[in-house]
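Observations on the model geometry
If you want the building blocks of each chain, they are given just below.
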Amino acid sequence: MDFVLPVGHYLGPVHPAPESPPTHHSVRVGRTPARLADQDQLDVWLLAHGVPSEVGDRPWSRKLLLEAASETGVGDAEAAFTDLMARGLLIEAAADATDALSPVRHHRLLPLLVGLGTGPGEPLDVIGVPGLLIALKAEPRVFELWEWGHRWPDLWSAWQALSLDDNDGLRAVQTLIAHGAAYLDVIS
């Protein structure tokens, strides 16, 4: 089963003038801002991050994303999904990245937030905002990818260096993205 992952770093709504409604939402992909022109596109792109309570047990797939979109009242989720895929704002990655055309060879993971260490008697590393937010209590392999994954040119190279198989690597990426601890970007 393929994993659906969002690409880019959300920059927020764009208001043409003070106190006017936003004309679109902006996502930075590489060095270029991309427009999310309507609410369906924004909702589907945000849902592609996954639901933290759902991630980890199974891949966040196109099917699960579209089911979640339907449950939350997204109008035309399928059209938004197709458009976002065509524009490179979503990718579907298989748990077999041996193919040179695999998206994991064309994207890299960039960390967000900061490491908060471990608490007393706590075996897991914590990622969040000091004094404000614990976003994720990360398993060691997930934390290691968050900490070091940006050092390699692409996801696949990071997984190889960190001895993660493709399935574990995708699950770690999905977990980090779902908790707001990292994002995917294109290789520039």
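Here we summarise the structure given alongside this text.

Turning our eyes to something else, we now look at helix α3 (residues 77–86). Since there are 3.6 residues in each turn of an α-helix, residues three or four apart along the chain are aligned in direction. For α3, every residue scored as buried is listed here: A77, A80, F81 and L84. Taken around the axis of α3, the buried residues stretch over an arc of 100°, which confines them to a single face. Where the residues of α3 are buried, they touch β1 (3–6), β4 (32–36), α1 (39–47), α2 (62–71) and β5 (90–93). At the C-terminal side of α3, G88 shows a positive phi close to 80°.

Relative to the helices and strands, H25 is located in strand β3 (residues 24–29). Polar side-chain contacts of H25 include one of 2.6 Å to the side chain of Y10. With residues near it in sequence (within four places) discarded, H25 still touches Y10, G12, P13, A34, R35, L36 and L42.

Contact geometry for helix α4 (residues 140–148) and helix α6 (residues 166–178): axes closest at 9 Å, N-to-C directions at 75°. With respect to their mutual orientation, α4 and α6 come out roughly perpendicular. Facing α4, whose interface residues are V142, L145 and W146, α6 presents G169, A172, V173, T175 and L176.

Here three strands make up an open sheet; going across it, the order is β2-β3-β4 and the pairing antiparallel. The open sheet has two edge strands, β2 (9–14) and β4, and neither has a second partner. Going from strand to strand, the sheet's axes swing by 30° on average, the running direction of each strand aside. In terms of strand pairing, β2 meets β3 through five bridges, oriented antiparallel. Looking at the pairing, V14 lines up with H24 of β3. Packed on one face of the sheet, α1 meets β2, β3 and β4 and runs near 115° to β4.

What counts as what
- Residues numbered from 1 in each chain as written.
- Predicted model: local features only at pLDDT ≥ 70, side-chain atom pairs only at ≥ 80, totals over all residues.
- Heavy atoms only, no water.
- Buried < 20%, exposed > 50% of the residue type's maximum accessible area, 1.4 Å probe, protein only.
- Helix = DSSP H or I, 4+ residues; strand = E, 2+ residues; numbered from the N terminus.
- Arc of directions from axis to C-beta.
- Contact = heavy atoms within 4.5 Å.
- Polar contact = N/O pair within 3.5 Å; in protein donor to acceptor, adjacent residues only side chain to side chain.
- Axes fitted to C-alpha atoms, helices over the stretch in contact; angles between N-to-C directions.
- Parallel < 35°, antiparallel > 145°, perpendicular 65-115°, else oblique.
- Pairing = 2+ DSSP bridges.

Note that every value here comes from positions in space, so none of it alone points to a role or purpose.
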